[in-house]
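One letter stands for each residue in the lines below.
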Amino acid sequence: MTPSTASGVGAEGLAPARSLAACAGVTVAYGQGDARVVALADADLAIASGEIVSLAGASGSGKTTLLHVLGGLVVPSAGTVTWKGQPLSSLDAAARGRARAEGIAYVFQGSNLIPHLSVWENLAFAALVATNRRDASGPETEHALGLVGLAGKADALPGELSGGEQQRVAIARAVIQKPDLLLCDEPTGHLDSDTGGRVLDMLVALQGEAGFSLVIATHDESVAARGHRRLELAEGRLLASES
Ligand code: ADP
Ligand code: MG
């Protein structure tokens, strides 16, 4: 493993000042002894503000683990993760939670909407948490629903929507948080290719307007091709970093 630099950001290709999130020499291992699995090995990468990075790789290659480590949900076994220049891995869980709340949002493979709340309620809840202001949550919800073209579905339950519509709600819920970094884990994994393509178009268009950094983990080459830059994972190792 390469020792991290004094600044804590040893990732190649980008000056630390430009990177929003970075990993230097990051290893994540699960389990002990014979059951030990190295999900991510000695990963170096830096995500710049406003870029779209695709993270390609087969199932089990470590994509989800890398997203979790970048977002502070998993603490690495070794190495340094930084968020806006701050070493995330040295913070306690509460401080990591605050860092996450201030700018990192997720879209998962399944939309993970709350099933017994309407589309409006799912989004209003996220808006309330994000803004901490009751008066802001209505207008923010209305705006986000409009952005993903689902104003007419406000009263529907998630189960009454198609898979593509559910993912659009999940994207609206992420965008409502006004993230600096949006981490998408196989966001089109449950969708047919046409629907998935439209969901991606929407994601890329929203990224263009709002300017957040977008990381899209996928095992689908046509999805990976949408990134400004493509990273590839195989058996926990980052193989390529094109810029
Ligand atoms: P991907 O998202 O590319 O499918 P993951 O990051 O989910 O890959 O998994 C990488 C490796 O780590 C796999 O071998 C997987 O089985 C293992 N793994 C992931 N999460 C855990 C866990 N919580 N406990 C044990 N092993 C895990
Ligand atoms: Mg995964």
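Residues numbered from 1 in each chain as written. Chains lettered and ligands numbered in written order. Predicted model: local features only at pLDDT ≥ 70, side-chain atom pairs only at ≥ 80, totals over all residues. Heavy atoms only, no water.

Topic: the site of ligand 1
Applied cut-off: Proximity criterion: a residue is near a molecule or strand once any of its heavy atoms comes within 4 Å of it. A 3.5 Å cut-off defines polar contacts: any pair of N or O atoms within that distance qualifies, except that in protein one atom must be a possible hydrogen donor and the other a possible acceptor, and neighbouring residues in sequence count only when both atoms are side-chain atoms. Note on areas: Shrake-Rupley with a 1.4 Å probe; residue coverage comes only from the protein chains shown. Starting at the N terminus, helices and strands are each numbered in turn, a helix being any DSSP run of H or I of at least four residues and a strand any DSSP run of E of at least two. Amino acids outside the nonpolar list (Ala, Val, Leu, Ile, Met, Phe, Trp, Tyr, Cys, Pro) and the charged list (Asp, Glu, Lys, Arg) are all regarded as polar, and Gly is one of them.
If you check the shell around ligand 1, you find Tyr30, Val37, Ala39, Ala58, Ser59, Gly60, Ser61, Gly62, Lys63, Thr64 and Thr65 and nothing else. Ser61 places a main-chain nitrogen or oxygen 3.2 Å from an oxygen atom of ligand 1. Look at ligand 1: alone it shows 560 Å² of surface, and the protein chains cover 58% of it. Within the residue set of the shell around ligand 1, elements represented by two or more residues are β2 (37-48) and α1 (63-70). With 3 residues, α1 is the single largest residue contributor to the shell around ligand 1. Class assignment for the residues of the shell around ligand 1 results in 4 nonpolar, 6 polar and 1 charged.

Regarding helix α4 (residues 134-147)
We count it as follows: Expected helix span is taken as 1.5 Å per residue step, with the number of steps being one fewer than the number of residues. A simple rule labels every residue: compare its accessible area, found with a 1.4 Å probe on the protein chains alone, to the largest value its type can have, and call it buried under 20%, exposed over 50%, or partly exposed in between. The arc in question is the one traced by the directions running from the helix axis out to the C-beta atoms. For this analysis, residues touch if any pair of their heavy atoms sits within 4.5 Å.
The end-to-end C-alpha distance of α4, which contains 14 residues, comes to 21 Å, matching closely the 20 Å that a straight helix rising 1.5 Å per residue would cover. Taken as a whole, α4 has its buried residues at Ala136, Ser137, Thr141, Ala144 and Leu145. On an axial view of α4, the arc spanned by its buried residues comes to 155°, and they lie on one face. The exposed set on the far side of α4, more than 90 degrees from its buried face, consists of Asp135, Pro139, Glu142 and His143. Looking at the buried side of α4, the elements it contacts are α3 (119-131) and α5 (163-175).

What to know about the environment of Ile216
By the element assignment, Ile216 lies in strand β8 (residues 213-218). A sequence separation of 19 residues divides Ile216 from Gly197, and the C-alpha atoms of the two residues are 13 Å apart. Setting aside chain neighbours within four positions, we find Ile216 in contact with Ile52, Val53, Ser54, Leu55, Cys184, Pro187, Leu200 and Val223.

Observations regarding the nonpolar core
Keep this limit in mind: Put simply, buried Ala, Val, Leu, Ile, Met, Phe, Trp, Tyr and Cys residues joined by side-chain atoms within 4.5 Å make one nonpolar core.
Of all hydrophobic cores here, the largest spans 34 residues; its most connected members are Ile171, Leu182 and Leu214. Secondary structure elements with two or more residues in this core: β6 (104-107), α3, α4, α5, β7 (181-185), α6 (193-210) and β8. Non-local contacts of Ile171, meaning those with residues more than four positions away in its chain, are made with Val107, Val148, Val199, Leu203 and Leu206. Membership of the second largest hydrophobic core comes to 28 residues, among which are Ala43, Leu55, Leu67 and Leu88.

Considerations on the pairing of β8
Note the following rule: Here, strands pair whenever DSSP counts at least two bridges between them. By convention a crossover is right-handed if, when the strands point away from the viewer, the path from the first strand over the helix to the second runs clockwise.
A large share of β8 lies buried, amounting to 6 of its 6 residues. Burial along β8 is two-sided: the face carrying Ser213, Val215 and Ala217 and the face carrying Leu214, Ile216 and Thr218 are both buried. Here strand β3 (residues 52-56) runs beside β8; their pairing, made up of 5 bridges, is parallel. Across the sheet, the residue bridging to Ser54 is Ile216, located in β8. Inspection of the sheet shows β7 paired to β8 by 5 bridges, in the parallel sense. Bridge pairing links Cys184 to Ile216 in β8. As a crossover connection, the stretch from β7 through α6 into β8 is right-handed.

Overview of unusual backbone geometry
For Asn132, which is not a glycine, the phi torsion comes out positive at approximately 60°. Of the residues examined, Asn132 reaches a relative accessible area of 70% and is grouped as exposed. A positive phi angle, near 45°, is found at Lys178, a position not held by glycine. Position of Lys178 among the secondary structure elements: in the loop between α5 and β7. For Lys178, a relative accessible area of 54% puts it in the exposed group.

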